[in-house]
Amino acid sequence: MELEFVTRCLSSLTKVFADQELKDQAFNKGSTLLNESYSFQIAYKSSTLVKNIKVKVNSAFHDKITVRSVGLVPSELPCYHDHDDLILRSTPGLYPDPLYPIHDKEGLIAFPEQWRSVWITVDLQGDSDPGKYAIEVNFEKENGECLGKQAFELEVMAAELPKQKLIHTEWFHTDCLATHYQVDVFSEEHWRRIEQFVQTASKHGMNMILTPLFTPPLDTEVGGERPTVQLVDVDKSGETFQFHFEKLKRWIELCSKQGIEYFELSHLFTQWGAKHAPKIVGIENGEVKKFFGWETDAAGVEYRGFLQQFLPSLLEFINQNDLEDQCFFHVSDEPHLPQVESYEKASTILQEYVKDFPVIDALSDYTFYEKGLVQTPIVSNDHIQPFLDNGVENLWTYYCCAQYQKVANRFFSMPSFRNRVLGIQLYKYNIAGFLHWGYNFWYSQHSKKAIDPFKNTDANYSFPSGDAFLVYPGEDGPIESIRLEVLNEALQDLRALQLLESFVGREQVLTFLEEGLNYEITFDQYPQDQEWYLLKREQMNNKIKEITLTTDLSSRKKV
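Overview of the structure. Since this is a predicted model, take the numbers as computed values, not measurements.

1. Digging into the overall build of the protein chain
Then, number 1: When helices and strands are counted, the protein chain shows twelve helices and 24 strands.
Then, number 2: For a compact globule of 559 residues, the expected C-alpha radius of gyration is about 24 Å, and the protein chain comes in at 25 Å, within 12% of that figure.
Then, number 3: Within the protein chain, the fraction of its 559 residues that count as buried is 60%.
Then, number 4: Across the protein chain, every contact between residues at least 6 apart in sequence was considered, and the portion connecting residues at least 24 apart equals 74%.
Then, number 5: Roughly 23,000 Å² of accessible area belongs to the protein chain as shown, and the carbon and sulfur atoms make up 46% of that amount.
Then, number 6: Within the protein chain, one finds 53 positive and 82 negative side-chain charges whose respective centroids are separated by 3 Å.

What follows is the structure in structure tokens.
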């Protein structure tokens, strides 16, 4: 049988399924600003099995280009039974997501009559000259014979994205790293892995990190425990506690070195109601002992007495290290209205000491904010309207497994534009921060057991695939995902809109965003066509280009 090998350039918003004919049209050119990361794909299909395919790139950007293979991972729970219609498919199977490095010796494999793709990223880093650049990509057999080739034209505009203003955290599960890599918590190897994954997070627009003062009381079965990850060492003698912050200081220095700016101090009360204390261990009479946990009444005298000693010590550490403008506190995650009384007690205890610091919590009921129990609410994107209607300032938003009707999210089964639209929504509504619970959650629901994220992508049949993690644990470090890259593109869109605003003002940018639409963009209403997002970004870049050609950058308006 004669070998037939076909290729097609595609945007980053296409998901290429192995068992589905490729319908998206070719996408062979785009534009970017000087300090952006730009990605596109090349899909390929062979009539027969071909191994050891070499991918060679010819471009002036050669040292700035990374080529990765889009891998397939299984999804047994791609969506819930009552999903909306804005999905690509609801069937279990293999979904494109991890971005694997291509090893020189092994190359790529083309499977008979299956579409696969490579993911090409150009990381400009701000030191390239403006202009149009050709990127030629060749697929070759081991003997050098050409199987196919594609050319992409990337125009670099003479402008830079402004610094990210959005505060962005994807919960960093320190224990999952220790569990998966089978290393002792806070051993040197654990610290090495932490730094690898922090670096990847920072590179993709995360500038805040969940910091485990004590083991975070998150997604833990009532009465159960997660592995102890506690940055603050505790000694107890009688009723007196002493605190040691050496590990916390190392954490802050490591994260700061990698570009993290804000520290999200772990919750001091349990999830879903603030009724108990987090697990806190320490040394008493020379032995390791658990001082607090599920058996502890959060509002009881014993835990209150502990906090009366701990919080002043923590604040002293924060002040000594000039972290006053970088630390955020939590009470309890996702309290519901029936738990308002227990949350209020916990909030009151915390506010006695941290009233000068921002306190942030994910919640969905306006009552908690109305009663003054949380000053900076993090509201789910499907419950945000009352907060917008009441003009709440400094508003944050989040989504998780429960936000799958109409709103933005990033499940495997969803089109990538449903991930990408977030940047536009954050801009339009002046959102100050974005939180998601799953950067690297590689446990089952309620942390009952570890899972292999390459084989189980739904937290052991609990959350739709794509909810629990953005990165995979590779042998050499993080394996990034399509969803991580597209989320980063959404954040770059946000910054590009802010740059355009600095030239023409916010009103004109908002008008530009909705030009040609017969409806207003909201959190649950937005264009449902990936071409719109690609074209809108091109239009944005062209406007910026026109202005930079005629305007002195130093005289533009401040955002």
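2. Looking at the nonpolar core
Then, number 1: Counting residues in each nonpolar core, the largest one holds 176 residues, and the members touching the most others are Phe139, Phe306, Phe310 and Phe329.
Then, number 2: At eleven residues, the largest contribution of residues to this core is made by helix α10 (residues 482-504).
Then, number 3: Dropping the residues within four chain positions of it, Phe329 is found in contact with Leu265, Leu311, Leu314, Leu315, Ile318, Leu350, Val354, Phe357, Pro358, Val359 and Ile360.

3. Some details on the pattern of salt bridges
Then, number 1: A full pass over the atoms with the stated rule returns 34 salt bridges.
Then, number 2: Residues Arg68 and Glu480 are paired through a salt bridge, measuring 2.7 Å at the closest nitrogen-oxygen approach. Taken together, the positions of Arg68 in strand β5 (residues 65-75) and Glu480 in the loop between β24 (477-479) and α10 put the pair 412 residues apart, joining distant regions of the chain. Each member of the pair, Arg68 as well as Glu480, is classed as buried.
Then, number 3: Through salt bridges with shared partners, a single network forms among Glu36, Arg420, Glu489, Asp493 and Arg537.

4. So, the side chain of Ser39
Then, number 1: By secondary structure assignment, the location of Ser39 is in strand β3 (residues 37-46).
Then, number 2: A distance of 3.0 Å separates a polar atom in the side chain of Ser39 from a polar atom in the side chain of Thr121.
Then, number 3: Leaving out residues up to four positions away in the same chain, Ser39 has contacts with Ser12, Trp119, Ile120, Thr121 and Glu489.

5. As for the pairing of strand β16 (residues 280-284)
Then, number 1: A large share of β16 lies buried, amounting to four of its five residues.
Then, number 2: In this antiparallel pair of consecutive strands, β16 and strand β17 (residues 287-292), the connection spans two residues, and Asn285 shows a positive phi of 55°.

6. Some points on the packing of helix α4 (residues 301-320) against helix α5 (residues 340-354)
Then, number 1: Running from N to C, α4 and α5 cross one another at 30°; their axes reach a closest spacing of 10 Å. Compared by their axis directions, α4 and α5 come out roughly parallel. The crossing of α4 and α5 is right-handed. The residues of α5 that touch α4, namely those facing Arg304, Leu307, Gln308, Leu311, Pro312 and Leu315, are Ile349, Leu350, Glu352, Tyr353 and Val354.
Then, number 2: Here the residues of the contact of α4 with α5 sort into eight nonpolar, one polar and two charged.

7. Structural notes on the sheet that holds strand β12 (residues 208-211)
Then, number 1: Strand order in the open sheet formed by three strands is β12-β15-β18, and the pairing between neighbours is parallel. Sheet topology places β12 and β18 (327-328) at the edges, where each strand pairs with a single neighbour.
Then, number 2: Direction of pairing for β12 relative to strand β15 (residues 262-265): parallel, over a ladder of four bridges. When the bridges of β15 are listed, Leu210 appears paired with Glu264.

8. Describing the environment of Phe17
Then, number 1: Relative to the helices and strands, Phe17 is located in the loop between β1 (5-11) and β2 (29-33).
Then, number 2: With 338 residues separating them in the primary sequence, Phe17 and Lys355 have C-alpha atoms 51 Å apart.
Then, number 3: When near neighbours in sequence (up to four residues on either side) are disregarded, Phe17 contacts Leu88, Arg89, Leu94, Tyr95, Pro96 and Trp115.

Reading the values: rules and limits
Residues numbered from 1 in each chain as written. Predicted model: local features only at pLDDT ≥ 70, side-chain atom pairs only at ≥ 80, totals over all residues. Heavy atoms only, no water. Helix = DSSP H or I, 4+ residues; strand = E, 2+ residues; numbered from the N terminus. Rg over C-alpha atoms; globule rule 2.2 N^0.38 Å. Buried < 20%, exposed > 50% of the residue type's maximum accessible area, 1.4 Å probe, protein only. Contact = heavy atoms within 4.5 Å. Areas by Shrake-Rupley, 256 points an atom, 1.4 Å probe, with all protein chains shown as cover. Lys, Arg positive; Asp, Glu negative; His and termini not counted. Charge placed at Lys NZ, Arg CZ, Asp CG, Glu CD. Core = buried A, V, L, I, M, F, W, Y, C linked by side-chain atoms within 4.5 Å. Salt bridge = Lys/Arg side-chain N within 4 Å of Asp/Glu carboxyl O. Polar contact = N/O pair within 3.5 Å; in protein donor to acceptor, adjacent residues only side chain to side chain. Pairing = 2+ DSSP bridges. Axes fitted to C-alpha atoms, helices over the stretch in contact; angles between N-to-C directions. Parallel < 35°, antiparallel > 145°, perpendicular 65-115°, else oblique. Left-handed = near helix turned anticlockwise from the far one by under 90°. Nonpolar A, V, L, I, M, F, W, Y, C, P; charged D, E, K, R; others polar.

Take it as geometry only, folks, not as evidence of what the structure does.
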